Amino acid sequence: MPLDVILGSQWGDEGKGRITDLLSAKADIVARFSGGDNAGHSVTVGDQLYKLHLVPSGIVHTHTTCMLGSGMVVNPVHLLDEMDYLESEGVDVSPKRLKISSAAHIITPSHIALDKAREAQRGSAGIGTTMRGIGPAYTDKATRSGIRAGSMTNPEEFADLVEKHTQDAANILEKVFQQQAPNPTEVALAYFDIAKRLQPYLADIGALIADALDQGKIVLAEGAQGTLLDLDHGTYPFVTSSYPTTAGALMGLGVGPKHVRRIIGVTKSFQTRVGSGAFPTECEGKIAQHLRGTGEHPWDEFGTTTGRPRRCGWLDGVLLRYAIRINSITELTLTKLDILSGLDPIQICTAYQFEGTSYPDLPSDPTNLAEFSPEYEAMSGWDSDITNAQDWDDLPAEARAYVQRVQQLANTPIRLISIGPERDQVIDNTNQD
Ligand code: IMP
C-alpha cells in the first residue's frame, strides 16, 4: 500500500507530467496505464526540459522504477528513440529501471497508415487524432488480432506475426483506401531487431506492482490524456481509444481498487482541447491568444506531440464536477494559474443553459455538449506576475479568490497550485482545505 493515481480532469494537457515528476520524489514505482505516444509529457528540471511520450515522467528521478502497463499501446520504434534520447541526457533506462508489460499492445507502421487513412476518409468530420496509430492498435486489441509485447520473447515468431499483420493491413490500405502500404518484409526485419533490444524489458507489471504494494512501497499511476477523452465516459466520438480514468488505471496496470489512496485530478486553470469536438467555453480572439501564448515557450498551448495550436477557453466547472464524479477524485492540482495574470475579468463556467433551464451538473453524458451554452460567473483578475510566489499568502487576493471559487465549485480540495514550469514553482495549498 498505497497506490496513488494522477489523471487529467479535462481533455488532456493539464500538466500531469510535471506533477508526476514532483510526486515521484516519494514514489518507488511510476507506471503509465493508458494510451501511447499520443501523449506528450513535459518535465523541467533546471535548464533541462524533458519531453516524454511513452516513458513515465518519474524516470527523471534516479530512485524510481518506471513501468508501461498492459493498458498501453506501444510504438517500439518511438520507445527506443525515447530511450536513446534519455540515455544521451544521462538518464538510466536500463531494464532494472524500465519495464514493459508483456500484455501491452504493439503499434506498427500499418496502424499509423490506417490512422491517417481513416482520418482522411472522415474529412471534415475527422476526430483530429494524433496520427500515432492509437485507434487502429486498440481496434486490433479488441478484435483479438493485435500483437502483444510479450511476443518479443521470441523475435522470430514476433517478426512472423508482424509480417502477417502488415500483409493483412496492406490489403485494407491498398484495396479500401487506395494507399501505399508499408512493406511486410521490411517491417518484419526492423521489428525483429527491435524485439532483441526490448526483450529484457518485458515483465508482468501487475505482479510487480502487487509485490511492491505488499511491501508498503508507493506506486504512482501516471495518467495520459484526460477524462473527457475516455472512450466510454468522454465526448464520444471525439475521444481517444483508451481509458484515462481511475478505472482505466486499475485495469491498465492489473491491480485492484483496495490499494488506492489518493486520486489526484490535474486541472488546468483554464480549459484547452486539441482535435475536434464540442467545447462550450471555447474563446476566440484576444482571450484565446492570451491563454494559448505565442508558441515561443515550451509551456505555451501547442501540442507536445503534434505541434498543433490548442483550442483555449475558460474553466468549465460543470465538466470538472463530472470528472470528479467519474473518477472519485479525492484532491485537485490546479496548474498554470500564472497564465491568468493580466486577464480581467476572469470567467468561470458554473452551469450550463439548455432550453431555459440551468444545469450545474451535466444532465446527460458529455456526448452532446454542443447543445449547451455556458453560464459564466465573472471574477476579478490580477495584474502582477505570480511566478515567484512561495506560498499561498504571496498570491494576490484575486488569485486566491479564484482558487477558492474553483475549489468550492468542485467541492474537492485543491492541494497543489502550479505557477510556472519549474519543479519549485508549486504552492502547497494543503492548509487551505
Ligand atoms: P488519438 O488518441 O491519437 O486517437 O486522438 C484522439 C483524440 O484525442 C484527438 O482529439 C486527439 O487530439 C486527442 N488526444 C490524444 N492524446 C492526447 C493528449 O495527450 N493530449 C491531448 N489530446 C490528446
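Residues numbered from 1 in each chain as written. Predicted model: local features only at pLDDT ≥ 70, side-chain atom pairs only at ≥ 80, totals over all residues. Heavy atoms only, no water.

### Quick notes on the overall build of the protein chain
Quick reminder of the rule: The secondary structure listing takes helices from DSSP runs of H or I that are at least 4 residues long and strands from runs of E that are at least 2 residues long, numbered from the N terminus. In this treatment the radius of gyration is a C-alpha quantity, and the globule benchmark scales as 2.2 Å times the residue count to the 0.38 power. Throughout this description, buried means an accessible area under 20% of the type-specific maximum (1.4 Å probe, protein chains only), exposed means over 50%, and partly exposed covers the range between. Every residue pair with non-hydrogen atoms within 4.5 Å of one another is taken to be in contact.
When you go through the protein chain residue by residue, the secondary structure sums to 11 helices and 20 strands. For 433 residues, the compact-globule formula gives about 22 Å, and the C-alpha radius of gyration of the protein chain, at 21 Å, lands near that figure. Taken along its principal axes, the extent of the C-alpha atoms in the protein chain is 65 × 50 × 40 Å. Across the 433 residues in the protein chain, those meeting the buried criterion constitute 56%. The long-range share in the protein chain, meaning contacts at least 24 apart out of those at least 6 apart in sequence, stands at 75%.

### Quick look at the packing of helix H10 (residues 317-327) against helix H11 (residues 397-410)
Note the cut-off: Only the contacting stretch of a helix is used when fitting its axis, a line to C-alpha atoms as for every element, and angles between N-to-C directions run 0 to 180 degrees. By definition in this entry, angles of less than 35 degrees are roughly parallel, angles greater than 145 are roughly antiparallel, angles of 65 to 115 are roughly perpendicular, and the rest are oblique. By definition, turning the near helix anticlockwise from the far helix through less than a right angle yields a left-handed crossing, and turning it clockwise yields a right-handed one.
Packing of H10 against H11 brings their axes to within 9 Å, and their N-to-C directions diverge by 50 degrees. Overall, the two elements H10 and H11 adopt an arrangement that is oblique. In terms of crossing hand, the pair formed by H10 and H11 is right-handed. Counting all contacts with H10, which are made through Leu320, Arg321 and Ile324, the residues of H11 involved are Val406, Leu409 and Ala410.

### Considerations on the sheet that holds strand E20 (residues 426-428)
This is how the line gets drawn: Strand pairing requires that DSSP identify at least two bridges connecting the strands.
The strand order across the open sheet formed by 10 strands is E9-E7-E5-E2-E10-E1-E11-E15-E19-E20, and the pairing between neighbours is mixed. With partners counted over all chains shown, the strands left at the sheet margins are strand E9 (202-203) and E20, one partner each. Strand direction decides the pairing type here: strand E19 (residues 414-418) and E20, joined by 3 bridges, are antiparallel. Paired with isoleucine 417 across the bridge in E20 is isoleucine 427.

### Concerning the side chain of histidine 105
Assignment of secondary structure puts histidine 105 in strand E8 (residues 105-106). Since its relative accessible area comes to 6%, histidine 105 is described here as buried. Excluding residues that lie within four positions of it along the chain, histidine 105 makes contacts with Met72, Val73, Val74, Lys141, Gly146, Ile147 and Arg148.

### Quick look at helix H9 (residues 285-292)
Operational definition: An arc is given here, and it is the one of the directions from the helix axis to the C-beta atoms.
Among all positions of H9, only Ala288, Leu291 and Arg292 are buried. Angularly, the buried residues of H9 cover 95 degrees about the axis, an arc narrow enough to put them on a single face. Away from the buried face of H9 by more than 90 degrees, exposed residues Lys286 and Gln289 are located. The elements touched by buried residues of H9 are strand E13 (311-313). Of the residues trailing H9, glycine 293 is marked for its positive phi of about 80 degrees.

### Notes on the side chain of threonine 245
Of note, threonine 245 is situated in the loop between strand E10 (219-222) and helix H8 (246-253). Threonine 245 has contacts with Leu7, Phe33, Thr227, Asp230, Ile326 and Asn327, leaving out every residue within four places of it along the chain.

### Focus on the packing of aromatic side chains
Aromatic ring pairs are defined here through the distance separating the ring centres and the angle between the ring planes. Quick reminder of the rule: Two rings belonging to Phe, Tyr or Trp (six-membered ring only in the last case) form a pair when the distance between their centres is within 6.5 Å. Interplanar angles under 30 degrees mark stacking, angles over 60 mark edge-to-face geometry, and anything in between is tilted.
By the definition in use, this model includes 4 aromatic pairs. Between tyrosine 352 and phenylalanine 372, the ring centres sit 5.2 Å apart and the planes meet at 20 degrees, which makes this aromatic pair stacked. With tyrosine 352 in strand E16 (residues 346-354) and phenylalanine 372 in the loop between strand E17 (357-359) and strand E18 (373-379), this pair connects stretches of sequence that are 20 residues apart. Across this residue pair, the class does not change: tyrosine 352 and phenylalanine 372 are buried.

### Some words on the site of the ligand
The line we're drawing: Proximity criterion: a residue is near a molecule or strand once any of its heavy atoms comes within 4 Å of it. N or O atoms within 3.5 Å of each other form a polar contact, as long as, within protein, one can give a hydrogen and the other can take it, and as long as residues adjacent in sequence are counted only when both atoms are side-chain atoms. Domains are outlined according to an automatic or database domain assignment.
Lining the immediate environment of the ligand, one finds 15 residues, of which Asp13, Asn38, Thr130, Thr240 and Arg308 sit closest. In the environment of the ligand, an oxygen atom lies 2.9 Å from a nitrogen or oxygen atom belonging to the side chain of asparagine 38. Measuring from an oxygen atom of the ligand, one finds a side-chain N or O atom of threonine 240 at 2.6 Å. Taken together, domain 1 (3-81 + 206-432) and domain 2 (105-200) each give at least three residues to the shell around the ligand, which thus spans both.

### Quick look at the environment of aspartate 160
With respect to the secondary-structure elements, aspartate 160 resides in helix H5 (residues 155-175). For the pair aspartate 160 and leucine 189, spaced 29 residues apart in sequence, the C-alpha to C-alpha distance is 9.4 Å.

### Brief notes about the domain arrangement of the protein chain
Going by this rule: A simple way to read buried area is as the amount of 1.4 Å-probe accessible surface that goes missing from two parts once joined, with both sides added. Salt-bridge detection follows one rule: a side-chain nitrogen of Lys or Arg within 4 Å of a carboxyl oxygen of Asp or Glu. Residues were grouped as follows: Ala, Val, Leu, Ile, Met, Phe, Trp, Tyr, Cys and Pro as nonpolar; Asp, Glu, Lys and Arg as charged; and all remaining residues, including Gly, as polar.
According to the domain assignment, the protein chain consists of domain 1 (3-81 + 206-432) and domain 2 (105-200). Centre-to-centre separation of domain 1 and domain 2, based on C-alpha positions: 30 Å. With 27 residues of domain 1 in contact, the opposing surface of domain 2 contributes 20 residues. Between domain 1 and domain 2 lies a buried interface of about 1900 Å² when both sides are counted; carbon and sulfur atoms form 61% of it. Counting every contact that joins domain 1 to domain 2 gives 1 salt bridge. Aspartate 37 is the partner of arginine 132 in a salt bridge, and the nearest nitrogen-oxygen pair spans 3.3 Å. Here domain 1 and domain 2 share 9 residue pairs in polar contact (both at pLDDT 80 or more) between them. Of all the secondary structure elements, the ones that give two or more residues to the side of domain 1 that touches domain 2 are strand E6 (73-74) and helix H2 (76-88). When residues of the side of domain 1 that touches domain 2 are assigned to their parent elements, the largest contribution, 5 residues, is made by H2. Per-class residue counts for the side of domain 1 that touches domain 2 are 10 nonpolar, 15 polar and 2 charged.

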